[in-house]
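# Structure at a glance
Residues per chain are reported as follows:
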Amino acid sequence: DDGYRLWLKYDPLPDATQRANYARSAGFIAVSGNDPVLRTAASELQAGLQGLLGKPVPVIGSAAGRTGGIVLQVGSDPALNREGYRLASRGNNLVVSANSASGVLYGAFALLRQVQTGASVANLSVTSNPKVKLRMLNHWDNVNGTIERGYAGSSLWKWYELPERIDPRYRDYARANASLGINGTVVNNVNASPRFMTDEYIKKVAALADVFRPYGIRVYLSVYFPASKVVNGPGKPALKSADPLDPAVRQWWAEKVNEIYAQIPDFGGFLVKANSEGEPGPQDYGRTHADGANMLAEALGTHDGVVIWRSFVYKPAENADRFRAAYEEFTPLDGKFHPKVIVQVKNGPIDFQVREPFSPLFGAMPKTPLAMEFQLTQEYLGFATHMVYEAPMFKECLDTDTHVKGPGSTVAKVIDGSLHGYEQTAMAGVANTGSDRNWTGHTMGQANWYAFGRLAWDHTLPSDGIAREWVQMTLTRQPKAVQTITDLMMRSREIYVNYTNPLGLHHIMGYGIHYGPEPWLDKAPRPDWRHTYYHRADSVGVGFNRTATGSNALSLYTPQVQQQWENPQTTPLPYLLWFHHVPWNQTLSTGRSLWDELCVRYYTGADSVRWMQQQWAQMKPALDPEQFDDVAGRLAVQQKEAIWWRDACVLYFGRFARRPIPAPFKAPDRSLEEVKRIVDIYQLR
Ligand code: BDP
């Protein structure tokens, strides 16, 4: 099994009795009308059930008195929102109903999931409503086929073949997303090429939109903010300006929007990275982020589209704390954004690190809908060779209490709109897909795509439950193996944290490439790209003091949150060095000194990868050989690199701590200089 089919395998269920049981409820699929999304629901259900049950399941126009089948229905159900669904046993039929065709599509996939995971469909009574309206993937894909921070091959989109040739993979991509309830995709990199605003590319994107539409997925585009200065059209020369308050620029965008909607009537809108990491933006004209976003929102006019404006901004400054940057830039703009604007915030204040405190923007912009941006692609999580199941990391952020409206004001409630009454709600995942046959490089990376989709639909789902589903649908149905692999996944992120960035260390990975350890980096074009900026190790201790005696970034949170993190004695260890410069000899809650604890984490973290390998080895009889080997091989790389991380970090920090590696651990058998050379090799220096 090459993994191409993801969690939509539809191989016959091994147990004949189980197959027969399900088959009694799957005599037919009744659906009326020609709505393309409803048709998709029927054909997906048909293909799935035929495969799983090993028998034909006819699609018919109406149940008309027949029983023992499945009825797909669009109606009006007050218990459901626009895309929610209901699965119910009625008479002797299974009814999948919703208020829209997309709802029925999601219900059909939910029903398939029941069968795929061996759940009963007798006396079925399930209602499910998505908690967030826009559930999206963000692809950081470039025109030339490369993917920024992509580790699974090249782009799925073959721009050079579009719009004429439609790769069948586009459809399979849409199926996978629809099966999770993902309803939007931004197809190009946030570091956007202006080409996407040309007629040539709009046609290509329109061809993709045509493939995605029957799966309930809308297409969005990342925008190069000064596109008006670059893109010429017939009878439409480029302008001299991109000033959002310049009437000519506003006109240019209004026309561009109309051109796009003429070809993509259900176009979702724009995603914008502006005045960030060298990308141009409204500030180049002395305007604010709100001016820029509102100009695009007004250009959208009466079209049903949104502007998703990213808050990922930080300016190079020697004594500033990057942690504070987005908050300081955006909170003064609260209430100034057009209703069509959503501000998209990364989960943490820095940049998708292995663990971050939640971004202080969550809860701080009650008048501006905030979207969550998670990163599925493992930029800081070991690319496609380290096994890191991300759901616990996403949940950790979503479940954190901001306390902005009293206890229980979780980040999730900010995002789902319930805390501040946002009209628009959105969650985005930076995609981990690529042209690799198994889509995500690491077989286990598929679980991160899966988990993101499930959580975007319902952030209350438990991480282990999601993992279990995915394993059953993707790898094996053998109960013991399902349990072992689920456990492995559940522990994987913490293990990765331990051998890379324990106790709240962050941003000490290889420069630029963001792979492997490089805590010693003290030269870079910007102060906040140096790693010594983040860990601040010296002879006294290590960590970034963000309390009132330091950068005071902690003051951006509510007093209740500050209280959790302000005292180094009581700050939970996972966040300790995010907020405190802690002496090497300080005794922690574990009873060990900081130095000893750091070593314990690095050593046990690296040892745990051996444990992961052993666990995986035992799974062999339960797994497809190709999938087994893929993961086993990657685990072997991970094991080697965990030791690389461990050695690099204990040797480097040890130079400041000047303390021995505590027993029973043995000091690395190589020198810091030797380890540094490994990084240079990866970096092609
Ligand atoms: C950083 C990535 C960079 C992205 C940037 C972003 O290293 O490639 O362009 O995030 O999110 O993590 O814009």
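## Brief notes about the nonpolar core
Among soluble globular proteins, nonpolar side chains are generally buried collectively. By size, the foremost hydrophobic cluster in this structure holds 229 residues, and its most contacted members are Trp253, Phe270, Trp616 and Phe653. It is helix α18 (residues 625–657) that provides the largest number of residues to this core, a total of 13 residues. Not counting the four nearest positions on each side in its chain, Trp616 is found in contact with Met444, Leu475, Ile485, Leu488, Leu623, Gln627, Phe628, Val631, Ala632 and Leu635. Counting six residues, the second-largest nonpolar core is a separate cluster that includes Phe28, Ile60, Ala63 and Val95.

## What about the side chain of His514?
Structurally, His514 is set in the loop between α13 (479–500) and α14 (532–535). Here Tyr380 takes part through its side chain, which lies 3.2 Å from a polar atom of the side chain of His514. For His514, the residues in contact, after removing those within four places along its chain, are Arg149, Glu379, Tyr380, Phe383 and Met509.

## What to know about the pairing of strand β10 (residues 269–272)
Here strand β9 (residues 218–223) pairs with β10 via four bridges, running parallel. From the neighbouring strand, Leu221 faces β10, where its bridge partner is Phe270. Chirality of the crossover, the property in question, places the unit of β9, helix α6 (residues 247–263) and β10 among those that are right-handed. In this region the chain leaves β10, passes through helix α7 (residues 289–300) and returns to the parallel neighbour strand β11 (residues 306–310); the handedness of that crossover is right-handed.

## Here we look at empty space enclosed by the protein
For the coordinates displayed, the defined rule picks out 10 cavities of 30 Å³ or more. Together, Ser311, Phe312, Val313, Tyr314, Arg322, Ala326, Val345, Lys346, Gly348, Pro349, Ile350 and Ser359 line the largest cavity. If you list the elements that add at least two residues to the lining of the largest cavity, you get α8 (322–330) and β12 (341–346). Residues belonging to the lining of the largest cavity are distributed by class as follows: seven nonpolar, three polar and two charged.

## Some thoughts on unusual backbone geometry
For the peptide bond that leads from Leu162 to Pro163, omega is 0°, which places it in the cis range. Cis peptide bonds are those with omega within 30 degrees of zero, and the linkage from Ala663 to Pro664 qualifies with 5°. Of note, the phi angle at Ala64 is positive, near 30°, even though the residue is not glycine. According to the relative accessible area criterion, Ala64 is exposed, its value standing at 66%. Although it is not a glycine, Phe352 sits at a positive phi angle of roughly 50°. Structurally, the position occupied by Phe352 is in the loop between β12 and β13 (370–375).

## Quick notes on the pairing of β11
For β11, a buried count of five out of five residues is recorded, marking the element as mostly surrounded by other parts of the structure. Here β11 shows two buried faces, one formed by Val306, Ile308 and Arg310 and the other by Val307 and Trp309. Pairing between β10 and β11: four bridges, direction parallel. Residue pairing across strands places Gly269 opposite Val306, the latter belonging to β11. Examined bridge by bridge, β11 and β12 share four bridges and lie parallel to one another. Bridge assignment links Ile308 to a residue of β12, and that residue is Ile342. Following the backbone out of β11, through α8 and into the adjacent parallel β12, one traces a crossover that is right-handed.

## Regarding the sheet that holds β9
Hydrogen bonds between backbone atoms are what pair the strands of a sheet, whose relative direction is either parallel or antiparallel. Sheet architecture is closed into a barrel: eight strands sit in the order β7-β8-β9-β10-β11-β12-β13-β14, paired in parallel fashion. Direction aside, neighbouring strands of the sheet carry axes that sit 25° apart on average. With three bridges joining them, strand β8 (residues 184–186) and β9 adopt parallel strand pairing. Each residue of the ladder has a partner; that of Val186, found in β9, is Tyr220.

## Considering the pattern of salt bridges
The full count for this structure, using the stated rule, is 43 salt bridges. Between Arg322 and Asp351 there is a salt bridge, and its shortest N-O distance comes to 3.6 Å. Taken together, the residues span a long stretch of sequence, with Arg322 in helix α8 and Asp351 in the loop between β12 and β13 at a distance of 29 residues. The residues Arg322 and Asp351 share a single accessibility class, namely buried. Of the charged contacts in the structure, one is a salt bridge between Lys523 and Asp522, with a shortest N-O distance of 3.7 Å.

## Some thoughts on the site of the ligand
If you check the shell around the ligand, you find 14 residues, and the closest are Glu148, Lys273, Arg310, Asp351 and Glu379. One of the side-chain N or O atoms of Lys346 is found 2.7 Å from an oxygen atom in the ligand. At a separation of 3.3 Å, an oxygen atom of the ligand approaches a polar side-chain atom of Tyr380. Comparing atom positions with the cavity grids shows the ligand to sit within the second largest pocket. Residues that form the shell around the ligand fall into these classes: four nonpolar, two polar and eight charged.

## Some thoughts on the layout of surface pockets
Reported here for the largest pocket is a volume of approximately 560 Å³. Taken together, 25 residues line the largest pocket, and the ones lying closest to its centre are Arg82, Glu83, Leu134, Asn183 and Arg218. At the level of elements, β7 (134–138) and β9 are the ones that each hand at least two residues to the lining of the largest pocket. Its residues assigned to classes, the lining of the largest pocket comprises seven nonpolar, seven polar and 11 charged. Residues lining the lining of the largest pocket come from more than one domain, with at least three contributed by each of domain 1 (16–128) and domain 2 (134–474). Reported here for the second largest pocket is a volume of approximately 330 Å³. When we break the lining of the second largest pocket down by domain, the ones giving at least three residues each are domain 2 (134–474) and domain 3 (497–544 + 581–682).

## Thoughts on the domain arrangement of the chain
Each assigned domain of the chain is listed here: domain 1 (16–128), domain 2 (134–474) and domain 3 (497–544 + 581–682). A straight line from the C-alpha centre of domain 1 to that of domain 2 covers 32 Å. Each partner contributes residues to the interface: domain 1 has 14 residues there, and domain 2 has 17 residues. Approximately 1,300 Å² of surface area, both sides summed, lies buried where domain 1 meets domain 2, with 53% of it carried by carbon and sulfur atoms. Of all residues in domain 1, Tyr106, Arg113 and Thr117 give up the largest surface area on contact with domain 2, accounting jointly for 38% of the area buried on that side.

## Overview of the packing of aromatic side chains
With the rule as written, the count across this model stands at 43 aromatic pairs. Look at Phe374 and Phe394: their rings are 4.3 Å apart centre to centre, the planes differ by 25°, and that puts the pair in the stacked class. In this pair, Phe374 sits in strand β13 while Phe394 sits in helix α9 (residues 391–398), placing the two residues 20 residues apart along the sequence. The exposure classification of Phe374 matches that of Phe394, with both residues buried. Joined through ring pairs, the aromatic side chains of Tyr4, Trp7, Trp157, Tyr170, Tyr173, Phe212, Trp439, Trp449 and Tyr450 make up one cluster. Between the NZ or CZ atom of Lys346 and the centre of the ring of Phe312, over which it lies, the distance is 3.2 Å. Here the basic side chain of Arg536 rests over the ring of Phe544, its NZ or CZ set 3.8 Å away from the ring centre.

What counts and how
- Residues numbered from 1 in each chain as written.
- Predicted model: local features only at pLDDT ≥ 70, side-chain atom pairs only at ≥ 80, totals over all residues.
- Heavy atoms only, no water.
- Core = buried A, V, L, I, M, F, W, Y, C linked by side-chain atoms within 4.5 Å.
- Buried < 20%, exposed > 50% of the residue type's maximum accessible area, 1.4 Å probe, protein only.
- Helix = DSSP H or I, 4+ residues; strand = E, 2+ residues; numbered from the N terminus.
- Contact = heavy atoms within 4.5 Å.
- Polar contact = N/O pair within 3.5 Å; in protein donor to acceptor, adjacent residues only side chain to side chain.
- Pairing = 2+ DSSP bridges.
- Right-handed = clockwise from strand over helix to strand, strands pointing away.
- 1 Å grid on protein atoms, 1.4 Å probe; cavity = no way out; pocket = protein on both sides within 12 Å on 5 of 7 lines; lining within 4 Å.
- Points joined across faces, edges and corners; volume = space filled by probe spheres on them.
- Nonpolar A, V, L, I, M, F, W, Y, C, P; charged D, E, K, R; others polar.
- Axes fitted to C-alpha atoms, helices over the stretch in contact; angles between N-to-C directions.
- Salt bridge = Lys/Arg side-chain N within 4 Å of Asp/Glu carboxyl O.
- Near = heavy atom within 4 Å.
- Sits in = over half its atoms within 2 Å of the grid points.
- Domains from an automatic or database assignment.
- Buried area = accessible area lost by both parts, 1.4 Å probe.
- Phe/Tyr/Trp six-rings, centres within 6.5 Å; stacked < 30°, edge-to-face > 60°.
- Lys NZ or Arg CZ within 6 Å of the ring centre and 35° of its normal.

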